[in-house]
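What follows is each chain in one-letter form.
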Amino acid sequence: MADSNLLESLREIASNLWWAWQPDVWQIFRELDPDLWPATNHNPIAFLDRIDPEMLEQAARARALRSRVLSARRRLDEYVSAKGPRVNMEAGPLHASPVAYFCAEFGIHESLPIYSGGLGVLAGDHMKAASDLGVPIVGVGLFYVLGYFQQSIDKEGWQQEHYGKTEIDHVPLSKVTDSNGIPLQIEVEATDGVIRAHIWRTEVGRSTMLLLDADVEGNTPEDRALTHILYHGDRHTRLRQELLLGVGGVRALKALDIKPGVYHLNEGHSAFAPLEVAAGLMADEGLDFYAARERVAQQTVFTTHTPVPAGHDRFNLQMLDETMTPLRERLGLDHYHFHALGRVNPNNPNETFCMTV
């Protein structure tokens, strides 16, 4: 009979993405079945679903892996319950009010393909480093079920794109639900209607990551597809994705009663987030926009990863108005002053709206 404690330990390890930056831990899976590990795209959950339990037990015995598995599980349990090194004590206020780290992509591991390249890998490393340092952080992003494309070259030398589909049962995501077990749903108003989204949660060591999923009943087919593919579609789609990431991300944090002490925006994709925070302050405390903006600025951090023009989204003003009217009105701004927020020269009416600005 297979050792249930062995399988249970491996499943617990697989449920937290901590293993992704522990080479001695993921190598256990490779040693259990050197052929199956790459065949499952180095995905421990898919690996455990496909391996025969008796073969698992035999391999663990033959390679003396059982003690390493149990040791890895103990390390994970101790890691997530520990407070981290000295830097954690210096970040004391963040335990009550953590960093909310917004990014359009997170590259934690290839088995969760919601990233395209350097920006995502940087965001993933940021989550891992914060976890190791014990700095409380909550990542906020979108769940792209089709991810980013893999490429091949055809016989004419042209690139061909191939999209996969993430099997939700094979990634360590859990849908956030209310006390009755009903999935929580956030709503974001656009000019032409409401965009709805569910929230997926995953653990990255000591860190938490929240991913919004717009493929829910009640959305139009176009809005259901908003979170299917990373960096795909026209400018209108991109703008609505960024509305969902920024405004929806803030609302997801609120729905989970997370009160960030710092909003960290990694690139301009999530630039609507501080505007949503400002709108909340205006509603709750009766502030005008400029007073609210000053408050939000004091707890906002912005980093840019791609300092070239192609890395900064710009939208024409008609498209902006076709999507962003509800947020603009909540901020109490007319078109001119709302457009000015995204201009290098606020007084140039011919300049497009730049998220980085």
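Residues numbered from 1 in each chain as written. Predicted model: local features only at pLDDT ≥ 70, side-chain atom pairs only at ≥ 80, totals over all residues. Heavy atoms only, no water.

## Considering the layout of surface pockets
Where empty space is left becomes clear once a probe the size of a water molecule has been rolled over the atoms.
Link 1 in the chain: Volume-wise, the largest pocket comes out at about 520 Å³.
Link 2 in the chain: Among the elements of the structure, helix 10 (235–255) and helix 11 (272–285) are those that each provide at least two residues to the lining of the largest pocket.
Link 3 in the chain: Top element by residues in the lining of the largest pocket is helix 11. It accounts for seven residues. (1 Å grid on protein atoms, 1.4 Å probe; cavity = no way out; pocket = protein on both sides within 12 Å on 5 of 7 lines; lining within 4 Å. Points joined across faces, edges and corners; volume = space filled by probe spheres on them. Helix = DSSP H or I, 4+ residues; strand = E, 2+ residues; numbered from the N terminus.)

## Considering empty space enclosed by the protein
Link 1 in the chain: Scanning the entire structure with this criterion turns up two cavities of 30 Å³ or more.
Link 2 in the chain: Roughly 60 Å³ of internal volume is contained in the largest cavity.
Link 3 in the chain: Lining the largest cavity we find Ala104, Leu142, Tyr144, Leu230, Tyr231, Arg238, Gln241, Glu242, Leu245 and His269.
Link 4 in the chain: Tallying contributions element by element places helix 10 first for the lining of the largest cavity, with four residues.
Link 5 in the chain: Residue classes in the lining of the largest cavity are distributed as six nonpolar, two polar and two charged.
Link 6 in the chain: One number sums up the size of the second largest cavity: a volume of about 40 Å³.
Link 7 in the chain: Along its surface, the second largest cavity is lined by Val188, Glu189, Leu243, Val247, Arg251, Glu276, Pro326, Leu327 and Arg330.
Link 8 in the chain: Listing elements by their share of the lining of the second largest cavity, those giving two or more residues are strand 6 (185–190), helix 10 and helix 13 (317–330). (Nonpolar A, V, L, I, M, F, W, Y, C, P; charged D, E, K, R; others polar.)

## Quick word on the environment of aspartate 192
Link 1 in the chain: Among the secondary structure elements, aspartate 192 is positioned in the loop between strand 6 and strand 7 (193–204).
Link 2 in the chain: Taking C-alpha positions, aspartate 192 is 9.5 Å from proline 326, a pair spaced 134 residues apart along the chain.
Link 3 in the chain: Residues contacting aspartate 192, with those up to four places away along its chain left out, are Arg240 and Glu322.
Link 4 in the chain: Side chain to side chain, aspartate 192 and arginine 240 meet in a polar contact 3.0 Å long. (Contact = heavy atoms within 4.5 Å. Polar contact = N/O pair within 3.5 Å; in protein donor to acceptor, adjacent residues only side chain to side chain.)

## Focus on the pattern of salt bridges
Side-chain pairing between opposite charges can occur once the charged atoms of the two side chains come close.
Link 1 in the chain: A complete count under the given rule lists 20 salt bridges for this structure.
Link 2 in the chain: Residue arginine 196 is joined to glutamate 187 by a salt bridge in which the shortest nitrogen-to-oxygen separation is 3.8 Å.
Link 3 in the chain: The residue arginine 240 makes a salt bridge to aspartate 192 at a minimum N-O spacing of 3.0 Å. With arginine 240 in helix 10 and aspartate 192 in the loop between strand 6 and strand 7, this pair connects stretches of sequence that are 48 residues apart.
Link 4 in the chain: Its relative accessible area of 54% is what places aspartate 192 among the exposed residues.
Link 5 in the chain: Linked by salt bridges that have partners in common, Glu189, Arg251, Glu276 and Arg330 make up one network. (Salt bridge = Lys/Arg side-chain N within 4 Å of Asp/Glu carboxyl O. Buried < 20%, exposed > 50% of the residue type's maximum accessible area, 1.4 Å probe, protein only.)

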